[in-house]
Amino acid sequence: MIFHLDSLPAKGVLLDKDWKFHTGDDPQWANPEYDDTKWQPINPLLPLYRLPEIKQPGIGWLRLRLQVDSSLQNKTVAIVLTFGGAAEIWLDGKLIDRFGKVSVNYKEEQTCLFFNRPFSLKLGDHSIQ
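Residues numbered from 1 in each chain as written. Predicted model: local features only at pLDDT ≥ 70, side-chain atom pairs only at ≥ 80, totals over all residues. Heavy atoms only, no water.

Chemist: With reference to specific residues and values, describe unusual backbone geometry.
Modeler: Trans peptide bonds make up the majority, and among non-glycine residues the majority have a negative phi. The phi dihedral of Asp-18 falls on the positive side, at around 70°, and the residue is not glycine. Structurally, the position occupied by Asp-18 is in the loop between strand S1 (3-5) and strand S2 (19-23). For Asp-18, a relative accessible area of 21% translates into the label partly exposed. Of note in this structure, Asp-92 is not a glycine but carries a positive phi near 50°. Summarising the element assignment, Asp-92 is placed in the loop between strand S7 (87-91) and strand S8 (94-99). (Helix = DSSP H or I, 4+ residues; strand = E, 2+ residues; numbered from the N terminus. Buried < 20%, exposed > 50% of the residue type's maximum accessible area, 1.4 Å probe, protein only.)

In structure tokens:
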């Protein structure tokens, strides 16, 4: 599944569809060509009590493939994040930001919590990202 991003209306776009989730951690999962067809569909906007797979301790990956219109390629866009925990954001196989410190060791993990935090992201130069 791919989320189609063909325009940016003034009120923005809600990225609530076509996400996938998998527990564990593997550096190969950052590869844009990685086959995630067996990953579980998920809506990360749901409250935690409705996402039991995310509530489990440990590391998990969320993935979203975007089909980006040519008018938005190579453009910097703003994303508004509401988030609790530790995370890394990857785009096309490259780490672009970290929030807190991700670790399988609870004592080493550093979490953060924020609501409606703006985050800028430069899209790449190809249609699927």
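Chemist: Can you tell me about the sheet that holds strand S3 (residues 40-42), naming the residues and giving the values?
Modeler: Across the sheet, which stays open at both edges, the three strands sit in the order S3-S2-S4 with antiparallel pairing between neighbours. For this open sheet the edge positions go to S3 and strand S4 (60-64), each flanked by a neighbour on one side alone. Adjacent strand axes in the sheet meet at a mean angle of 35° when their direction is disregarded. The sheet contact formed by S2 and S4 spans five bridges and is antiparallel. From the neighbouring strand, His-22 faces S4, where its bridge partner is Trp-61. (Pairing = 2+ DSSP bridges. Axes fitted to C-alpha atoms, helices over the stretch in contact; angles between N-to-C directions.)

Chemist: Any details on the pattern of salt bridges? Residues and values, ideally.
Modeler: With the rule as written, the count across this model stands at five salt bridges. One salt bridge in this structure joins Asp-36 and Arg-63, with 3.0 Å as the shortest N-O distance. Residue Asp-36 is located in the loop between S2 and S3, and its partner Arg-63 is located in strand S4; the two are separated by 27 residues in the primary sequence. Residue Asp-36 is classed as buried on the basis of its relative accessible area of 4%. A salt bridge links Arg-98 to Glu-88, with the nearest nitrogen and oxygen atoms 3.3 Å apart. A residue pair is termed long-range when its members are at least 10 positions apart, and Arg-98 in strand S8 and Glu-88 in strand S7 qualify at ten residues. Each member of the salt-bridge network shares a partner with another, and the members are Lys-20, Asp-36, Arg-63 and Arg-65. (Salt bridge = Lys/Arg side-chain N within 4 Å of Asp/Glu carboxyl O.)

Chemist: Explain the side chain of Gln-129 to me, using residue names and the numbers behind them.
Modeler: Locating Gln-129 in the fold gives a position in the segment after strand S9 (112-122). At a separation of 2.6 Å, a polar atom in the side chain of Gln-129 contacts the main-chain amide nitrogen of Gly-124. At 2.8 Å, the side chain of Gln-129 and the backbone oxygen of His-126 are in polar contact. Apart from the residues lying within four places of it in its own chain, the contact partners of Gln-129 are Leu-64, Arg-65, Leu-66, Val-68, Gln-73, Leu-91, Asp-92, Leu-123 and Gly-124. (Polar contact = N/O pair within 3.5 Å; in protein donor to acceptor, adjacent residues only side chain to side chain. Contact = heavy atoms within 4.5 Å.)

Chemist: Can you lay out the environment of Asp-69 for me, pointing to particular residues and giving the numbers?
Modeler: Looking at where Asp-69 falls in the secondary structure, it is placed in the loop between strand S5 (66-68) and strand S6 (76-85). Each C-alpha atom, one on Asp-69 and one on Ile-89, is 21 Å from the other, the two residues being 20 residues apart in sequence. Discounting residues that sit within four places of it in the chain, Asp-69 has contacts with Leu-5 and Asp-6. A polar contact of 2.6 Å, which involves the side chain of Asp-69, links it to the side chain of Ser-71.

Shape is all these values report; function is a separate question.
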